[in-house]
Amino acid sequence: MMTEIFDVFSGSLLRELALTIFFKASLVLGLAYLLVHRSQKSAAQRHTIWTTALGTLTFLVLLTAIVTPRWSLLPSPESQKDRTTATRPVEPGAQSGVLASSHRELSSSGILEPDHQKKDSTPQTSIAWSTENSAQLALAVYLCGAFLILVRFGRALGSIHRITRSSRPIPRRTRRRLQPLAKRAVPCLVSDRISVPLTWGWFRPVILVPKSSCSWSRARWLAVLLHECAHIERRDYCYRLLQLLACATCWPNPLVWMVALLASREREKACDDRVVSRGMNRIEYAEHLFAIARAASNSEPQGAMGMAGSSFLRDRVRSLLRAHANRNQTRKRSLWILISIGGLLLLPLSSLGLTIPHPDKPKPGTLIHSSSAHIQSLVKRLDHPDSSVRQKSAWVLAELEASGAVGPLMQALADEDPAVRGVVAWALGEIKEPSAIQALSRSLDEDPDPLVREMAARSLGEMEHPMSFLPLLPALQDSNLGVRRAAVWALGDLRDLRAISVLSDILLGSKDEMMRIEAVEALASLPAILSPATFRRALQDESPRVRESIIQAFGEKTLAVPALHRVLLSDQDLKVRNQAAESLARIARKENRELEAVSALTRALFDNDPRVRRNVARLLGEIGSEEAIESLLPLLRDPDQQTRDQVIWSLDEINPSRD
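Residues numbered from 1 in each chain as written. Predicted model: local features only at pLDDT ≥ 70, side-chain atom pairs only at ≥ 80, totals over all residues. Heavy atoms only, no water.

Within the chain one finds 31 helices and seven strands. For the chain, the proportion of its 659 residues judged to be buried stands at 46%. As displayed, the chain has an accessible area near 35400 Å², and 56% of this comes from carbon and sulfur atoms. (Helix = DSSP H or I, 4+ residues; strand = E, 2+ residues; numbered from the N terminus. Buried < 20%, exposed > 50% of the residue type's maximum accessible area, 1.4 Å probe, protein only. Areas by Shrake-Rupley, 256 points an atom, 1.4 Å probe, with all protein chains shown as cover.)

To continue, consider empty space enclosed by the protein. A complete count under the given rule lists three cavities of 30 Å³ or more for this structure. The volume enclosed by the largest cavity comes to roughly 120 Å³. Forming the walls of the largest cavity are 12 residues, and the residues nearest its centre are Leu-31, Leu-35, Thr-52, Ala-53 and Ile-341. Listing elements by their share of the lining of the largest cavity, those giving two or more residues are α2 (13-37), α3 (43-64) and α13 (332-350). Partitioned by chemical class, the residues of the lining of the largest cavity number nine nonpolar, three polar and no charged. Within this model, the second largest cavity holds a volume of roughly 40 Å³. Here the residues of the lining of the second largest cavity sort into seven nonpolar, no polar and no charged. (1 Å grid on protein atoms, 1.4 Å probe; cavity = no way out; pocket = protein on both sides within 12 Å on 5 of 7 lines; lining within 4 Å. Points joined across faces, edges and corners; volume = space filled by probe spheres on them. Nonpolar A, V, L, I, M, F, W, Y, C, P; charged D, E, K, R; others polar.)

Reported here for the second largest pocket is a volume of approximately 480 Å³. Ile-283, Ala-286, Glu-287, Leu-636 and Ile-648 are the residues nearest the centre of the second largest pocket, which is lined by 16 residues in total. Broken down by secondary-structure element, the contributors of at least two residues to the lining of the second largest pocket are α11 (282-294), α12 (313-321) and α31 (641-654). Sorting elements by how many residues they give to the lining of the second largest pocket places α11 first, with seven residues. Considering only residue class, the lining of the second largest pocket consists of 10 nonpolar, one polar and five charged.

Take the sheet that holds strand β6 (residues 305-306) next. Adjacent strands of a sheet pair through backbone hydrogen bonds, lying either parallel or antiparallel. What the five strands build is an open sheet, ordered β2-β3-β5-β4-β6; its pairing is mixed. Edge strands, defined here as strands with exactly one partner in the open sheet, are β2 (168-169) and β6. When strand β3 (residues 188-191) meets strand β5 (residues 206-210), the two strands line up parallel, connected through four bridges. Within β5, the position partnered with Cys-188 by the bridge is Ile-207. (Pairing = 2+ DSSP bridges.)

Looking now at the packing of aromatic side chains. Scanning the entire structure with this criterion turns up two aromatic pairs. With centroids separated by 6.3 Å and ring planes inclined at 10 degrees, the aromatic side chains of Tyr-142 and Trp-251 adopt a geometry described as stacked. Highlighted residues: Tyr-142 in helix α6 (residues 131-165) and Trp-251 in the loop between α9 (236-249) and α10 (254-277), separated in sequence by 109 residues. Owing to a relative accessible area of 26%, Trp-251 belongs among the partly exposed residues under this scheme. One residue, Arg-458, lies across the ring of Trp-489, its end atom 5.3 Å from the ring centre. (Phe/Tyr/Trp six-rings, centres within 6.5 Å; stacked < 30°, edge-to-face > 60°. Lys NZ or Arg CZ within 6 Å of the ring centre and 35° of its normal.)

Our focus in this paragraph is the pattern of salt bridges. This model, assessed by the stated rule, comprises 26 salt bridges. For Arg-516, the salt bridge is made with Asp-541, and the minimal N-O distance between the two is 2.8 Å. You can see Arg-516 sitting in helix α23 (residues 513-525) and its partner Asp-541 sitting in the loop between α24 (532-538) and α25 (544-558), a full 25 residues away along the chain. With a relative accessible area of 4%, Arg-516 lands in the buried category. (Salt bridge = Lys/Arg side-chain N within 4 Å of Asp/Glu carboxyl O.)

What follows concerns the pairing of β5. Most of β5 sits inside the fold, with five of its five residues counted as buried. Burial along β5 is two-sided: Val-206, Leu-208 and Pro-210 and Ile-207 and Val-209, pointing in opposite directions, are all buried. Sheet topology places strand β4 (residues 198-200) next to β5; three bridges connect them, and they run antiparallel. By the bridge assignment for β5, Trp-200 is matched with Val-206.

Further remarks concern the packing of helix α27 (residues 574-588) against helix α29 (residues 610-623). Contact geometry for α27 and α29: axes closest at 10 Å, N-to-C directions at 10 degrees. Here α29 runs roughly parallel to α27, going by the angle between their axes. When α27 is examined against α29, the residues Leu-574, Arg-577, Asn-578, Ala-581, Glu-582, Ala-585 and Ala-588 are found in contact with a partner set consisting of Arg-611, Val-612, Asn-615, Val-616, Arg-618, Leu-619 and Ile-623. (Axes fitted to C-alpha atoms, helices over the stretch in contact; angles between N-to-C directions. Parallel < 35°, antiparallel > 145°, perpendicular 65-115°, else oblique. Contact = heavy atoms within 4.5 Å.)

Another aspect to go through is the nonpolar core. Leu-397, Leu-409, Leu-491, Leu-503, Phe-535, Ile-550 and Leu-632 are the most contacted members of the largest nonpolar core, which totals 94 residues. Sorting elements by how many residues they give to this core places α27 first, with eight residues. By size, the runner-up hydrophobic cluster in this structure holds 44 residues, among which are Val-196, Leu-198, Ala-223 and Met-305. (Core = buried A, V, L, I, M, F, W, Y, C linked by side-chain atoms within 4.5 Å.)

For the rest of this paragraph, the subject is a negative patch on the surface. On the surface, Glu-594, Glu-626, Glu-627 and Glu-630 cluster together into a patch of negative charge. Within the secondary structure, Glu-630 sits in helix α30 (residues 629-632). Residue class for Glu-630 comes out exposed when judged on its relative accessible area of 68%. (Patch = residues over 30% accessible without salt bridge, like charges linked within 9 Å, V, L, I, M, F, W, Y side chains within 5 Å. Lys, Arg positive; Asp, Glu negative; His and termini not counted. Charge placed at Lys NZ, Arg CZ, Asp CG, Glu CD.)

Counted at 1.5 Å a residue, the expected span for α23 with its 13 residues is 18 Å, and the 19 Å between its end C-alpha atoms agrees. Those residues of α23 lying buried are Met-515, Arg-516, Ile-517, Glu-518, Ala-519, Val-520, Ala-522 and Leu-523. At the N-terminal end of α23, a side-chain oxygen is found 3.2 Å from the backbone nitrogen of Met-514, two or three residues along, and the residue is Asp-512. (Expected span 1.5 Å × (residues − 1). Polar contact = N/O pair within 3.5 Å; in protein donor to acceptor, adjacent residues only side chain to side chain.)

What follows concerns unusual backbone geometry. Despite not being glycine, Glu-401 has its phi angle at roughly 50 degrees, a positive value. For Glu-401, the position within the fold is in the loop between α15 (387-400) and α16 (406-412). Phi is positive for Arg-495, which is not a glycine, with a value near 60 degrees. Structurally, the position occupied by Arg-495 is in the loop between α21 (481-493) and α22 (499-509). Looking at Arg-495, the relative accessible area reads 43%, which means it is partly exposed.

That's the geometry; what it means functionally is another story.
Written out as structure tokens, the structure is:
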């Protein structure tokens, strides 16, 4: 498989494009990452760095196909082959003699089968599909992907153009009232087909506002005009087109899409910083953003830049609330320095090539055979005087699942070496032959070594046979904790409903914490639901780990909302309360249980620990129930900054207009 892939990329335009899209693009984006995180840069400066990197990638893809000559990071495989052949001549017949002697050694050791046991393979018929055709097909897929991205954006441009043509100028009265606010003469139109302010156009930019703008206050109009004019003054639409070209030319690389998303986020934050730097109050502006975002819909045209979409709202509000954030704009000198750095990188990177050596094809043959003769030879080694040989033979028989070796393996359970007996017990469980249950039960009951008894218990569980149930019960009273835990695990692995009462007794009565946790995991693997009474009693366990595991395993299955509600409000352990909240959220997603579970979650919004409040707020946002809005709104004044940020995100997620 790998050889075929190397052949497709070798010596073709597709290989050069692949190197540019993945290797060179990652190199450029990595350098941009270092520049972004070298110091505390503003959003405008970060946007400039990301956009310059994406623009460099766009030109790099175009130059890769035409710049020559190329210099290589690795020597070509042909030159290595010629050099090796010239310095180390091979005499006729020498290679065949070495291979023959090596084959005789492997055959005599039993790892490879003798030659007379191998059948002559029929010659393979080659398919008339050359490497060149495969490369052309892959190149066509790449070009189709880039073309589809451009076509999609072209349709978006057509849509926003039709919306603009059907729009009307803002009323004359509103225009006179806003005339002192506008810094430059930009057409401002009203459209019934949008719900948030938009800006688009590179030569003749246009600002579009929704029909609801007629009821806007003067402060909101000021916020909108300052933000949209900031986009126009910064020429953000041209930068967005450059980002689109980078995504179209490097679409197979997910890093490019991630950086384009980061650039879009920094673009909006940079415009917010420009609005704040012109005198608007940060808190008031954040309130305008949130109000506009609540009115946004998912049907906004993609060919324009929206003022307050829901994608980056939480991050933008958090940035606005920082009192001492860096809000400087990018200077022209810094922009030209970045463009110069990108230009200097273009020529050496575009001429960089990489010769990929072809890995040697593995020679035919296998290391482990399942022929009857080979299995018989492994069975004979179970009596070998060396204990390591006996161990390895039992292991190979288990890997082969050799059912014919069950009899000799059962006899090997009496081996003098406990390490051999342990591997043999494990091997019988891997083979899963029911005839070995009696022998494993005897080892579980009589073997003096605890590791052997543990392996026997686990193998009885691996059998998944009803006959394994009764032999496991005495092991629950074994003197060794590992054996008892293995027996509990095996009862769960059997999928036998008779084990429910036994495991429930262990959960409620065992004095060992690990045994109770093992019982929870075993019960969770059974095809049954724990009784509500047992669930409530288990929630009173003295160990927080047991309570957490029981809620994680059965909180959703039992649908015991009142019990989980009590845990969420009164349990002393943070992890247990958070796990109860997670279970209530999963219950809320079930039919006819949303209101009950949401009501229980909202009462936990006033927990003393901010980590619980943040977790509950996040879960309510994921559930999306409008019943939680009234309970979330007071937390906008929570003393914990992270809790307030989480509440803003949750309110935005619950926003009914997003649907």
